[in-house]
Structure formats: C-alpha cells, structure tokens
Amino acid sequence: YNEGFEEITTALKGGVLFAQSTQVNREVQRFGEGVALRIPPYARIIAATHLLNYTPDEVTTSLTLRLYTLATDEVKVKLTPFRLSYFPLDIPPKATSEFAASCDIDAAFQNAGNKPLDMKLHYVLPHYHTLGHNFRIGINGGERDGETLYELGTFTADPFGKVFDPPIDLTGAKGLDFSC
C-alpha cells in the first residue's frame, strides 16, 4: 500500500466501487437496468486485492478491472456504496466458530441527517473464505425483522455477489444483521 492507502479509510472517504468474491477468477458486479454508481470527475480509482495461494508452488498473478458506463440519460438510480465490516473477528485455531452482529444503520442516518433510514439495498457481496460453511444477512428491526435476504452454505470458488432486482427496501428497519 503506497501513500498511506488503507481500504477502510478509502471506503469511508470515497466509497467502494467494486469488491470481488474470494478465490474466484472472474466476477462481474452488475445492477438492475438504469442503476449506476457515480464516479465524480477527477476521481482516482485504486484497485487493491489480496490473493490466497493455496498451493505449495509460487504463482504469478495479475489484476484487471473493467468499467462499463451508462449514458447520463440512461441512469435512473444513482447508488451510494457502503461497506459493513466486523473487526472483532477472532477465530481460534482448530475450532468451529460462529459470529453474528447487528448494524444499526438507522442510528447512523439519524446522526448524519436527522432522518430515519430510507435506503434500498441493490447488491451484497460477502467476504468468504474456504473454511467458511455458512453466511447469512438479514433485516434487523421493522415489519420485516429477521427476514433473510441472502444465505450461503459451504464455501465454493463461485462468485458470491447478489443483485436484488427489485432492490430491497429497508425503510422502517433498524438496519442489517449477519452471521457467519
């Protein structure tokens, strides 16, 4: 990482443009028709990834990022990216562990804009590795409290990104909860 670049700081200051499932060779992040992430003029795009070599041999890798654009008159929804991270993850060796958390996104909305959560979820991508055997994300609070939005079982080397078309309306909820 050059020039003090850190993923979490970048996510907070400028947003996350794209994330990739772990251990896949190719992934496309695509949204519904007319839905786009806006990249401001003069923005700097930094691509970073970490790779896992699960073989005993040295490997050479590369990273390619392609952006597909929409004409301004085609854009109906401008997305705002966000990232949920669980930092107290502490996995003991040679054990099966389970972790769960709730993210009170409504409180953040109240603090930042003095208004309740008014958000639609268009896409999720869990960060998941080969030893994972379950991931779940659901709605926390409101009329749909406890509703599972996306669940994965045992890890595979397939892309995990999930598009919600139509998007999931989180208005009235407290936020999201997840477990792995």
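Residues numbered from 1 in each chain as written. Predicted model: local features only at pLDDT ≥ 70, side-chain atom pairs only at ≥ 80, totals over all residues. Heavy atoms only, no water.

## Quick look at the overall build of the protein chain
For clarity, the threshold we go by: Helix and strand assignments come from DSSP, with helices taken as H or I runs of at least 4 residues and strands as E runs of at least 2, each series counted from the N terminus. Each residue is placed in one exposure class: buried if its accessible area under a 1.4 Å probe, protein chains only, is under 20% of its type's maximum, exposed if it is over 50%, and partly exposed if it falls in between. What makes two residues a contact is simply this: any of their non-hydrogen atoms within 4.5 Å. Each accessible area is a Shrake-Rupley result for a 1.4 Å probe, and residues are judged covered by the shown protein chains and nothing else.
Of regular secondary structure, the protein chain possesses 2 helices and 8 strands. Secondary structure elements in the protein chain, listed N-terminal to C-terminal, are α-β-β-β-α-β-β-β-β-β. Relative to its full complement of 180 residues, the protein chain shows a buried share of 26%. Contacts in the protein chain between residues far apart in sequence, at least 24 positions, make up 69% of those at least 6 positions apart. For the protein chain, the exposed area adds up to about 13100 Å²; of that, 50% sits on carbon and sulfur atoms.

## Some thoughts on the pairing of strand β3 (residues 100-103)
Rules: At least two DSSP bridges between two strands are needed for those strands to be called paired.
Side-chain alternation along β3 places A101 and C103 on a buried face and A100 and S102 on a face that remains uncovered. Bridge count for β3 against strand β8 (residues 175-179) is 4 bridges, and the pairing is antiparallel. If you follow C103 over to β8, its bridge partner there is L176.

## Quick look at the environment of F109
Within the fold, F109 resides in helix α2 (residues 105-113). In this structure, the C-alpha to C-alpha distance between F109 and M119, residues 10 residues apart in sequence, is 9.7 Å. Setting aside its immediate chain neighbours within four residues, F109 contacts N114, K115, P116, L117, D118 and M119.

Any link to function would need more than the numbers given here.
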